[in-house]
Amino acid sequence: MNETAQNKEAKPPKRTLGSMLRIALLIASVVITIVVVVYCVERGHDDKEPFEKSEKEKPEIPETPEAAKEKAWRFIVSGDSRNCGDIVVPAIAAHSTKNEQPAFYWHLGDLRYIYEVDEDIAYALDNPDGPKMSCKNYLKKVWPDFVEHQIYAFDKLPFYLGIGNHEVVPPKGFPPGSPQSIQPDTNSAQFTSFFSDWLLPPAVKAQRVKDHDCDKTPTSSCVISARNYYHWIQGKVDFIYLDNASNIFGQEQLDWFKATIKRARKNHDLHTVIVGMHEALPNSISSDHAMCDEGKKNDPTYPYDKSCHEGSEVYKLLLDFQNDFPDRQVYVLASHSHYVMDGIFKTEKIAPADRLHGWIAGTAGAVRYKLADNSDRANYAKTNVYGYLVGTVDSKGNVRFDFQKLSESDVPPEARQRYQPAFVNWCFARNSQVTEKEPSGAAKPTPTPAYPTTSGCNKTSTEDLSGK
């Protein structure tokens, strides 16, 4: 083999410039084709609904705590806004709107005093009669005052309203012991008529239609007529308000409640049931200010047996729900007692396995009460406070409650301008039946006015209501 032949075998063949260009052009065309296809697909979806993969194609992404937190929402609850509610409720509205962004506010009853002129009405600077205000004038303006200075404080935030025993104090309701006083629908008639807009808001009206709640009556009448009890479902939570302002529920309301709970049992999208009412159910820590009140057992005007029986029946319906669905939640919320308490059913009369989760939040402006004697059994109990419960609902419908305490500095300017500063201070520092001991060596507080009010406004007949 000569040298020329050896060189031909040892050297690889040279690639021509033309072949390299062809390879480069091929690669470029593939890249361009991919880009064009992607661009066209994206443009094709611009004017359509977002593309969604089928359930089989969707990757399972675990929900992180941060994601769950983003989906959480809140609502707020309290009751008993008489005496100083025109100061405290606007504070609840301003504070919660700023800090909690709640979906709605739920009031558990006792709007105004009725027995006497509320202090915040008597001592408002825009009340020309002052503390000498007559009962006649007071009774004319008492519920419009609640709308103007408490409901309107929440602006456009949904306001769900409950009835309390002060809403059926004569002349707003019937005299205790009369046949009408143990007919909740009749006893609450003035209340349901005046506050119909807040007892039958759009969510409650829609829920009635969905429940076929109007099937037994003419649909038009049912849809437009407010009732003293109601419910609506929001975010996997069933919110139910029951009227026990007359110390009982009545058979019609009980039948409705049974039907509502029956539907809740079948609703697999529902996770939590929250029942609000004014008086706590029987056998709670606050049993001296609740249904089946032992202290009133011998009072001929108090329906003791009926109160005990019906209150226990509602408790059992909720307990059965809790036992049958241990993965769900049941809460009972009340006010009536003017303090805050968590764990109200932790009593000796109720076995640990039979205890419902219960709160009392009578903290919206009423004169504060002494805690019940066995309040040390509760998870948390405190008086001489104003504030509201915050219910936080996660993406699965679980609810956690926390109490938010308010201070005098939380009262917004629009509420303050109606009063002398001393009165605003009196509401927070002195509107209480509880006298707290001053710490040893503490300076004596600055004396504040007693702010007495006109008494005797709950006339029970057609006699003159002038208060003179």
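Within each chain, residue numbers correspond to sequence positions counted from 1 in written order. It should be noted that, the model being predicted, local features are given only for residues of pLDDT at least 70 and side-chain atom pairs only at 80 or more, the latter also being counted only at that level, while totals for whole chains, interfaces and linings use all residues. Here the side-chain values reflect all heavy atoms present in the structure, with hydrogen atoms and water set aside.

Focus on the environment of leucine 281
Okay, so step 1: Along the chain, leucine 281 turns up in the loop between strand S6 (272-276) and helix H13 (304-324).
Okay, so step 2: Sequence separation of leucine 281 and glutamate 313 is 32 residues, and the distance between their C-alpha atoms is 9.7 Å.
Okay, so step 3: Apart from the residues lying within four places of it in its own chain, the contact partners of leucine 281 are Phe249, Ala290, Met291, Gly311, Val314, Tyr315, Val332 and Phe345. Numbered from the N terminus, helices here are DSSP runs of H or I no shorter than four residues, and strands are runs of E no shorter than two. Throughout, a contact is declared for two residues whenever any of their heavy atoms are within 4.5 Å.

Here's the deal with the state of the cysteines
As used in these notes, a disulfide is a covalent bond between sulfur atoms, one from each of two cysteines.
Okay, so step 1: Cysteine sulfur atoms are paired as a disulfide whenever they come within 2.5 Å of each other. Here the structure, examined in full by the defined rule, presents 3 disulfides.
Okay, so step 2: Between the sulfur atoms of cysteine 135 and its disulfide mate cysteine 457 the distance is 2.1 Å. Between cysteine 135 and cysteine 457, the S-S torsion sits near -80°, and that sign places the bridge as left-handed. You can see cysteine 135 sitting in helix H6 (residues 135-151) and its partner cysteine 457 sitting in the segment after helix H15 (421-429), a full 322 residues away along the chain. The residues cysteine 135 and cysteine 457 share a single accessibility class, namely buried.
Okay, so step 3: Covalent S-S linkage joins cysteine 292 and cysteine 308, the inter-sulfur distance amounting to 1.9 Å. Residues cysteine 292 and cysteine 308 are joined through a disulfide that is right-handed, its torsion about the S-S bond being 85°. In this pair, cysteine 292 is assigned in the loop between S6 and H13 and cysteine 308 in helix H13, connecting sequence segments 16 residues apart.
Okay, so step 4: Per-residue accessibility, obtained with a 1.4 Å probe over protein chains only, is compared with the maximum for each type, and a residue is labelled buried under 20%, exposed over 50%, and partly exposed between these values. Of the residues examined, cysteine 292 reaches a relative accessible area of 15% and is grouped as buried.
Okay, so step 5: Residue classification places cysteine 308 among the buried residues on the basis of a relative accessible area of 12%.

What about the environment of cysteine 135?
Okay, so step 1: Classification of cysteine 135 by relative accessible area gives buried; the value is 1%.
Okay, so step 2: Between the alpha carbons of cysteine 135 and glycine 456 there is a distance of 7.7 Å; along the sequence they are 321 residues apart.

Thoughts on helix H4 (residues 85-99)
Okay, so step 1: Spanning 15 residues, H4 covers 20 Å between terminal C-alpha atoms, matching the ideal 21 Å at 1.5 Å per step.
Okay, so step 2: For H4, the set of buried residues is Gly85, Asp86, Ile87, Val88, Val89, Pro90, Ala91, Ile92, Ala93, His95 and Ser96.
Okay, so step 3: Within two residues after H4, glutamine 101 carries a phi angle of roughly 45°, on the positive side. The span you would expect from a helix comes to 1.5 Å times its residue count less one.

Here's the deal with the packing of aromatic side chains
Okay, so step 1: Classification of ring pairs uses Phe, Tyr and Trp, with its six-membered ring standing for Trp, and accepts pairs whose centres are within 6.5 Å; under 30 degrees between planes counts as stacked, over 60 as edge-to-face, and the remaining range as tilted. Tallied over the entire structure, the rule returns 37 aromatic pairs.
Okay, so step 2: Measuring from ring centre to ring centre gives 5.1 Å for phenylalanine 104 and phenylalanine 239, while their planes differ by 90°; the resulting arrangement is edge-to-face. Taken as a pair, phenylalanine 104 in the loop between H4 and strand S2 (105-107) and phenylalanine 239 in strand S5 (residues 237-241) lie far apart in primary sequence, 135 residues in all.
Okay, so step 3: For phenylalanine 104, a relative accessible area of 0% corresponds to the buried category.
Okay, so step 4: Consider the rings of phenylalanine 194 and phenylalanine 195, whose centres lie 4.8 Å apart with planes at 70°: the pair is edge-to-face.
Okay, so step 5: Accessibility expressed as a relative area gives 36% for phenylalanine 194, which makes it partly exposed.
Okay, so step 6: When its relative accessible area of 0% is taken as the criterion, phenylalanine 195 is described as buried.
Okay, so step 7: Here the aromatic cluster, defined as three or more aromatic residues joined through ring pairs, consists of Trp73, Phe75, Phe104, Trp106, Tyr160, Tyr230, Trp232, Phe239, Tyr241, Tyr331, Trp359 and Phe401.
Okay, so step 8: Here the guanidinium or amino end of lysine 172 rests over the ring plane of tryptophan 143, the centre of that ring lying 4.3 Å away.
Okay, so step 9: Cation placement over rings: the criterion is NZ of Lys or CZ of Arg within 6 Å of the ring centroid and within 35° of the ring normal. The positively charged end of arginine 328 is found above the aromatic ring belonging to phenylalanine 325, 4.3 Å away from the centroid.

Quick look at the confidence of the model for the protein chain
Detailed reading of the predicted model is not advised wherever pLDDT is low.
Okay, so step 1: Values of pLDDT, which run from 0 to 100, indicate the predictor's confidence residue by residue. Chain-level statistics for the protein chain give a pLDDT mean of 84 and a share of 77% at 70 or above.
Okay, so step 2: Note on residues 1-17: pLDDT is under 50 here. Beyond four places in sequence and across chains, it has 2 contacts.

A word on the nonpolar core
Okay, so step 1: What we call a nonpolar core is a set of buried Ala, Val, Leu, Ile, Met, Phe, Trp, Tyr and Cys residues that are connected through their side-chain atoms within 4.5 Å. In terms of nonpolar packing, the biggest core is built from 79 residues, with Phe75, Trp106, Tyr138, Phe195 and Ile274 touching the most fellow members.
Okay, so step 2: The element best represented in this core is H6, accounting for 8 residues.
Okay, so step 3: Among all residues touching tryptophan 106, those that are not within four sequence positions of it are Ile76, Val77, Ser78, Tyr160, Tyr230, Trp232, Phe239, Ile240, Tyr241, Ile274, Gly276 and Leu333.
Okay, so step 4: Formed by 38 residues, the second largest nonpolar core is a distinct cluster that contains Leu270, Leu318, Val332 and Ala378.

Side note on the sheet that holds strand S9 (residues 357-361)
Okay, so step 1: Reading across from one edge, S4-S5-S6-S7-S9-S8-S10 is the order of the 7 strands in this open sheet, with mixed pairing throughout. The outermost strands of the open sheet, each flanked by one partner alone, are strand S4 (230-234) and strand S10 (380-382). Strand after strand, the sheet turns through a mean of 15° between neighbouring axes, direction not considered.
Okay, so step 2: As paired elements, strand S7 (residues 329-334) and S9 share 4 bridges and run parallel to each other. Counterpart to leucine 333 in the pairing with S9 is tryptophan 359. At least two DSSP bridges between two strands are needed for those strands to be called paired. Every axis in this analysis is a line fitted to C-alpha atoms, fitted for helices over the stretch in contact. Angles between the N-to-C directions lie between 0 and 180 degrees.

Let's talk about unusual backbone geometry
Okay, so step 1: Along the chain, proline 170 connects to proline 171 via a cis peptide bond; the corresponding omega equals 10°.
Okay, so step 2: Mapping proline 171 onto the fold places it in the loop between strand S3 (159-161) and helix H7 (184-187).
Okay, so step 3: The residue isoleucine 114 is not glycine, and still its phi comes out positive at about 70°.
Okay, so step 4: When its relative accessible area of 0% is taken as the criterion, isoleucine 114 is described as buried.

Here's the deal with the pairing of S9
Okay, so step 1: By the criterion of burial, S9 is predominantly enclosed, with 4 of the 5 residues buried.
Okay, so step 2: When strand S8 (residues 340-342) meets S9, the two strands line up antiparallel, connected through 3 bridges. Each residue of the ladder has a partner; that of methionine 341, found in S9, is isoleucine 360.

What about the sheet that holds S2?
As a general point, the strands of a sheet are linked pairwise by backbone hydrogen bonds and lie either parallel or antiparallel.
Okay, so step 1: Read across the sheet, 5 strands follow the order S3-S2-S1-S11-S12 without closing on themselves; strand pairing throughout is mixed. The open sheet is flanked by S3 and strand S12 (399-406), the only strands paired with a single partner. Each adjacent strand pair in this sheet contributes to an overall mean axis angle of 25°, direction not counted.
Okay, so step 2: Bridge count for strand S1 (residues 73-78) against S2 is 3 bridges, and the pairing is parallel. When the bridges of S2 are listed, valine 77 appears paired with tryptophan 106.
Okay, so step 3: Sitting on the sheet, H6 is in contact with S2 and S3, with an inclination near 145° to S3.

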